[in-house]
Amino acid sequence: MRGHDRINNCLPDELMVEIFKRLDSKSTRDACSLVCKRWLGLERLTRTTLRVGASGASELFFKLLSRRFTNVKNVHVDERLSISVPVRLGRRHLNDQFADAALLFLRSHDETERSNVADVVESYSLSDGGLAVLGEGFPNLEKLSLIWCSHISNAGLRSLAESCMSLKSLDLQGCYVGDQGLAAVGECCKQLEELNLRFCEGLTDKGLVELTARCGRSLKSLGIAACAKITDASLEAVSSHCQYLETLSLDSEFMHDSGLLAVARGCHFLKVLKLHCVNVTDETLRTVGRCCLSLEELALNSFRRFTDMGLHSVGNGCKSLKSLTLTDCNFLTDSGLGIVATGCKQLTHLEVNGCHGIGTVGLESVGKSCSNLTELALLYCQRIGARALLEIGRGCKFLQALHLVDCSNIGDEAIISIAKGCINLRRLHIRRCYQIGDKAIVAVGRHCKALTDLSLRFCDRVGDRGLIAIGKGCNLTDLNVSGCHQIGDSGIIAIARGCPQLRSLDVSVLQKLGDMVMAKLGEGCPLLREIIISHCRHITDAGLSHLVKNCSMLETCHMVYCHGITSAGVATVISSCPNIKKVLVEKSKVSERTRRRAGSVISYLCVDL
Amino acid sequence: MASSRKITLRSSDGESFEVEEAVAVESQTIKHMIEDDCADNAIPLPNVTSKILAKVIEYCKKHVDASKAEDRVNDEDLKAWDAAFIKVDQVDQATLFDLILAANYLNIKSLLDLTCQTVADMIKGNLFPVRNEWLNFTFSIANRELVLVCLTEWVAHRRLFCS
C-alpha cells in the first residue's frame, strides 16, 4: 500500500494509546505492535495482562517483561501449560509465535539479549528468585495468579508481598507455600480482596489466622480446598476478622459445623457460599437460613448429613437467593426443594445433579413458584418425569437455558411444552435422553426463535425432520448432534442453509454424512470456527477442501477415525485456514511438511492403531 | 434551569461562533473556563480551526438536543447519527485526526470515544498506511505476514538488510 503516513505525523502518543485501547481483539493488537517501532512501544503501554506458562520463567525473563510492559496490572502464571520455547528462529507458522506476550520478548532485535535468555532457559518452573523479580518489576500489581508453581516457597512469597502492596487478588492454587508466606501477605497487602488457597497443602491454621488478623477487613472472597491442616479454627478467625466477606468456597473433609456456624453468624454480607464438606450437618444450613439473609448463591456438594430440614431453613430465610446448585445430595427430597422454590422467588439458576431423592414433585413446585428462572440443569435425575417439565414450561417464561443429561423419563411431550412455553430459550442441551425424538425438535424449531445453542448428543431418535425444522426456525451459532445416527445429509444441509451464523458444529459419529454436507457448509456458514467430524466415514479430502475454501475463520478441526481423509486433506486444512489453532488427527496422516508448517497446532490421537 | 446565555468561541483562524452555554459546556475545557470567569469576551481556541470547530459544534448541538428532547431521542437513532457524522470524515483522514485532537483538547469525552473507536476500526480494516523505519517501506497491518517474514529474516541475517 502506498501513501503518506499521516497517522504517525498527526497524533501524539497519548491519543495513539487511546486508540489502541479500543482495539478489541488480541490478534489485532499483536498485528499493530508489529507495524512500526512507535506503535510497538505505544501498544505495549496498553497491555494490562500477562499470561505465562511453564516456559522457564527465570529472573531475566521477568526483568525483560517488566521493562517492556510497564502498565501491567494482572499477571497469570500457570505451570500446567507448557509452552515450547523456540530457540531457533525458523519458518514456522508465524501466527502462533506472537500469540503470547510472554514469548514476544524472544523476538527482540537485540541479539545479545536473545542469546542470554536462550542459555538461561533450563528450569521450567518459577523460582523464589523469579517471584522476587516479578514483584520488583511490577510494583503496582493488582492481580496475581500462581497456578501450580511447585517451586515457590515462603521466601518468594514474602519478597513479592513486600514489593506489591497494592495487591487485590492472589491465587495460589496448587502452590506448596507455608504459613510464613501467608503471614507476610497479611502484613503487607492491606488491600487484599480475593484469596484462593485451593490445594495449598502446606498451609495450617496458623498462617490463615495470622493473615485474617492483619488484612481481614478488606477480604471479600476466600477459597479453600483440600488443605488438610486447615480446620474450624481458621474459619472462626475468618468470622471475627473478615466482616465484609462476600464469597466463601470450601472443599474440605476436615471441617465440621463449628467453623461454618461462626462464619454464618459473623459475616453478615455473605452472598456466595459453595460447600463441599462431607462432615457438615443440617445445623450449619439452619444457621445459614437464619443469619445469611443477603445470600444470593448457594452450592452444596456431596453432603452425607444434610436433610430437607436444612433446605427448609434456607427457603424460609434466604429470600434473595438467586442461584442454587445441589450435587450428589442424596438425602434431599422434593419437600426440601419445594420449600426453597416457594420461599425464594428470585431464583434464576437451578442445578440438580445426581440427587436421587428429588423427583417430579419438587420440580413442579419450581415451575409453579419460580417465574424468574433463567437457567435449569437436571443432570442424572432419573426420577424426574414429564410432568415436571410441563410445569416449568407453563411457569418459567424467562427460561434461557435448559440442560438435561440422562433423564430417561423425559420424552417428546415434555420438550414440546417447554418449547411452547419458554419462548426466550437460547440454549438447549440434551444428552442421552432416549425418549426424545423428531416431534419434540420440530416443536423447538417452530417456537424457540431465540435459540442459538442446541446440543442433542446421543438422542438417537432424532433425525433429519427435526433438524430441517431447526434450520427453518432458529438462527443457531452452536450445534452438536454427535451420536444421533439417524441424521443424514438432508438434516445438516438444512442447517447449513438456515444458520449462516453457525460457529461451532459437532457431527461426530454420524455415519451417513458425506462430502455434499461439507460443500454446503462451506457455502452457507462462512463464520464457522469449530468443526468436529470424527468417525464420519464417508467424508473425504474433497469434502474438506470444499469446506475450507470458504470457511477461512476455522480454528478447530477434529477428524480422527475418518477413513476417507488422508494427509493431503490435513495439509489442505492447515494451509487454507490462517487462524487454525487445533487439529486432532492420527499421527500417520500428518506429512513431514505439514508438521513443519504447523507443529504446535496439531494434537495427535493417543492410541496407535 | 439552564440559562440560555450565549457564549462566543473564536477559532484559530479568527472566526467567531456563537453557541448556547449548554452546548459549549459539553466541552469540559470550556466549562472550566466559564466557571473560572474567563468567558466574558470570546473564548479563544488557538488549537482549533474554524472548519473543525464548526463540526464540533454540530456534534455538541445534536447531543444536547438529544438529551433534552420531550420524547427522548432513541439511543439507536443517536448512534446512527453519530455514524453518519463520522463517516464523512473517514474519507478525509486529515479531518478525522483533527477532530480527535480537538476532542482531546476540548475534553469532550463522547466525541473522543467516537473518533478513537472509528480510527481503531479503520486500523483493523487496514485503512492506514504506516511507515516502517526498518524496512523503509509504507504499508498497513494487512501486510503483517510480510513484516513477520522480513523481521525474522532481518534478525537472522542482518547483513542482507543494511541500507
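- Per an unreviewed UniProt entry, chain B goes by SKP1-like protein 1A isoform X1 and derives from Rhodamnia argentea.
- On record in UniProt, under Sequence similarities (unreviewed entry), the comment for chain B is "Belongs to the SKP1 family."

- Chain A is annotated in an unreviewed UniProt entry as F-box/LRR-repeat protein 4 of Rhodamnia argentea.

## Topic: the sheet that holds strand β3 (residues 43-44) of chain B
Residue and element names in this part refer to chain B.
Part 1: Taking strand neighbours across the sheet as the criterion, the 3 strands line up as β2-β1-β3 in an open arrangement whose pairing is mixed. If you trace the sheet from one side to the other, it starts and ends with β2 (16-20) and β3, each paired once.
Part 2: The sheet contact formed by strand β1 (residues 6-10) and β3 spans 2 bridges and is parallel. Residue Arg 10 lies in a different strand from β3, and its bridge partner there is Pro 44.
Part 3: Sitting on the sheet, helix α3 (residues 50-68) touches β1 and β2, and the angle it makes with β2 is about 10 degrees.

## Quick look at the UniProt feature "domain: F-box/LRR-repeat protein 15-like leucin rich repeat" (unreviewed entry) in chain A
Residue and element names in this part refer to chain A.
Part 1: UniProt records the feature "domain: F-box/LRR-repeat protein 15-like leucin rich repeat" (unreviewed entry) for residues 140-250 and 317-457 in the present numbering.
Part 2: Taken as a whole, residues 140-250 contains 37% helix and 20% strand, while its terminal C-alpha atoms sit 30 Å from one another.
Part 3: End C-alpha to end C-alpha, residues 317-457 measures 39 Å, and it is 36% helix and 21% strand.

## Things to note about the pattern of salt bridges
Side-chain pairs of opposite charge can arise whenever the charged atoms involved come near each other.
Part 1: Within the structure shown, the criterion is met by 24 salt bridges over all chains.
Part 2: The salt bridge involving Glu 187 of chain A is made with Arg 214 of chain A; its shortest N-O contact spans 3.6 Å. Placement of Glu 187 of chain A in helix α11 (residues 179-188) and of Arg 214 of chain A in helix α12 (residues 205-215) is noted, with a sequence separation of 27 residues between them.
Part 3: Of the charged contacts, one joins Arg 5 of chain B and Glu 21 of chain B as a salt bridge, the two residues approaching to 3.3 Å between their closest N and O atoms.

## Considering the pairing of strand β5 (residues 194-198) of chain A
All names here are of chain A.
Part 1: As paired elements, strand β4 (residues 169-171) and β5 share 3 bridges and run parallel to each other. By the bridge assignment, Leu 170 is partnered in β5 with Leu 195.
Part 2: A crossover connection joins β4 to the parallel β5 through α11; in handedness this β-α-β unit is right-handed.
Part 3: Both β5 and strand β6 (residues 221-225) contribute to a ladder of 5 bridges, which runs parallel.

## Observations regarding the packing of helix α19 (residues 386-395) of chain A against helix α20 (residues 412-421) of chain A
Residue and element names in this part refer to chain A.
Part 1: Contact geometry for α19 and α20: axes closest at 8 Å, N-to-C directions at 5 degrees. Taken together, α19 and α20 sit at an angle that is classed as roughly parallel. Mapping the contact onto sequence places Ala 386, Leu 389, Leu 390, Ile 392 and Gly 393 in α19 and Ala 414, Ile 415, Ser 417, Ile 418 and Gly 421 in α20.

## Things to note about unusual backbone geometry
Residues and elements named next belong to chain A.
Part 1: If you check the backbone angles, Phe 199 has positive phi at about 65 degrees while not being a glycine.
Part 2: With respect to the helices, strands and loops of the structure, Phe 199 is situated in the loop between β5 and α12.
Part 3: Non-glycine residue Phe 458 carries a positive phi angle of around 60 degrees.
Part 4: With respect to the element layout, Phe 458 can be found in the loop between β15 (453-457) and α22 (464-473).

## Details of the environment of Asp 92 of chain B
Part 1: Mapped onto the elements of the fold, Asp 92 of chain B is located in the loop between α4 (75-91) and α5 (93-106).
Part 2: Taking relative accessible area as the criterion, Asp 92 of chain B reaches 30% and is therefore assigned partly exposed.

## Observations concerning the UniProt feature "domain: COI1 F-box" (unreviewed entry) in chain A
Part 1: On the UniProt side, "domain: COI1 F-box" (unreviewed entry) is annotated at positions that read residues 11-48 of chain A here.
Part 2: With 68% helix and 0% strand, residues 11-48 of chain A has end C-alpha atoms that lie 22 Å from one another.

## Here we look at the confidence of the model for chain B
Residue and element names in this part refer to chain B.
Part 1: Per-residue confidence for chain B averages 79 on the pLDDT scale, and 69% of its residues sit at or above 70.
Part 2: Taken element by element, chain B is modelled with least confidence in strand β5 (residues 137-139), mean pLDDT 55, and with most confidence in β2, mean pLDDT 93.
Part 3: Considering only residues more than four positions removed or in separate chains, one finds that residues 159-163, a stretch of pLDDT under 50, has 4 contacts.
Part 4: The complex model carries a pTM of 0.77, and its ipTM stands at 0.78.

## Examining the side chain of Asp 438 of chain A
Residue and element names in this part refer to chain A.
Part 1: Relative to the helices and strands, Asp 438 resides in helix α21 (residues 438-447).
Part 2: Summary of buried charges: Asp 438 has no salt-bridge partner, and the nearest side chain of opposite charge, Arg 465, is 4.3 Å away.
Part 3: There is a polar contact of 3.1 Å between the side chain of Asp 438 and the backbone nitrogen of Gly 466.
Part 4: Contacts of Asp 438, omitting those with residues within four sequence positions, involve Arg 461, Val 462, Gly 463, Arg 465 and Gly 466.

## A word on a positive patch on the surface
Residues and elements named next belong to chain A.
Part 1: Among the surface-exposed residues, Lys 420, Lys 439, Arg 446, Arg 465 and Lys 472 lie close enough to one another that they form a single positively charged patch.
Part 2: At the level of secondary structure, the elements contributing two or more residues to the positive patch comprise α21 and α22.
Part 3: Structurally, Arg 446 can be placed in helix α21.
Part 4: A relative accessible area of 59% means that Arg 446 is categorised as exposed.

The rules we used
- Residues numbered from 1 in each chain as written.
- Chains lettered and ligands numbered in written order.
- Predicted model: local features only at pLDDT ≥ 70, side-chain atom pairs only at ≥ 80, totals over all residues.
- Heavy atoms only, no water.
- UniProt positions renumbered as here; feature names shortened; annotations may be inferred.
- Pairing = 2+ DSSP bridges.
- Helix = DSSP H or I, 4+ residues; strand = E, 2+ residues; numbered from the N terminus.
- Contact = heavy atoms within 4.5 Å.
- Axes fitted to C-alpha atoms, helices over the stretch in contact; angles between N-to-C directions.
- Salt bridge = Lys/Arg side-chain N within 4 Å of Asp/Glu carboxyl O.
- Right-handed = clockwise from strand over helix to strand, strands pointing away.
- Parallel < 35°, antiparallel > 145°, perpendicular 65-115°, else oblique.
- Buried < 20%, exposed > 50% of the residue type's maximum accessible area, 1.4 Å probe, protein only.
- pLDDT = per-residue confidence, 0-100.
- Lys, Arg positive; Asp, Glu negative; His and termini not counted.
- Polar contact = N/O pair within 3.5 Å; in protein donor to acceptor, adjacent residues only side chain to side chain.
- Patch = residues over 30% accessible without salt bridge, like charges linked within 9 Å, V, L, I, M, F, W, Y side chains within 5 Å.
- Areas by Shrake-Rupley, 256 points an atom, 1.4 Å probe, with all protein chains shown as cover.
- Charge placed at Lys NZ, Arg CZ, Asp CG, Glu CD.

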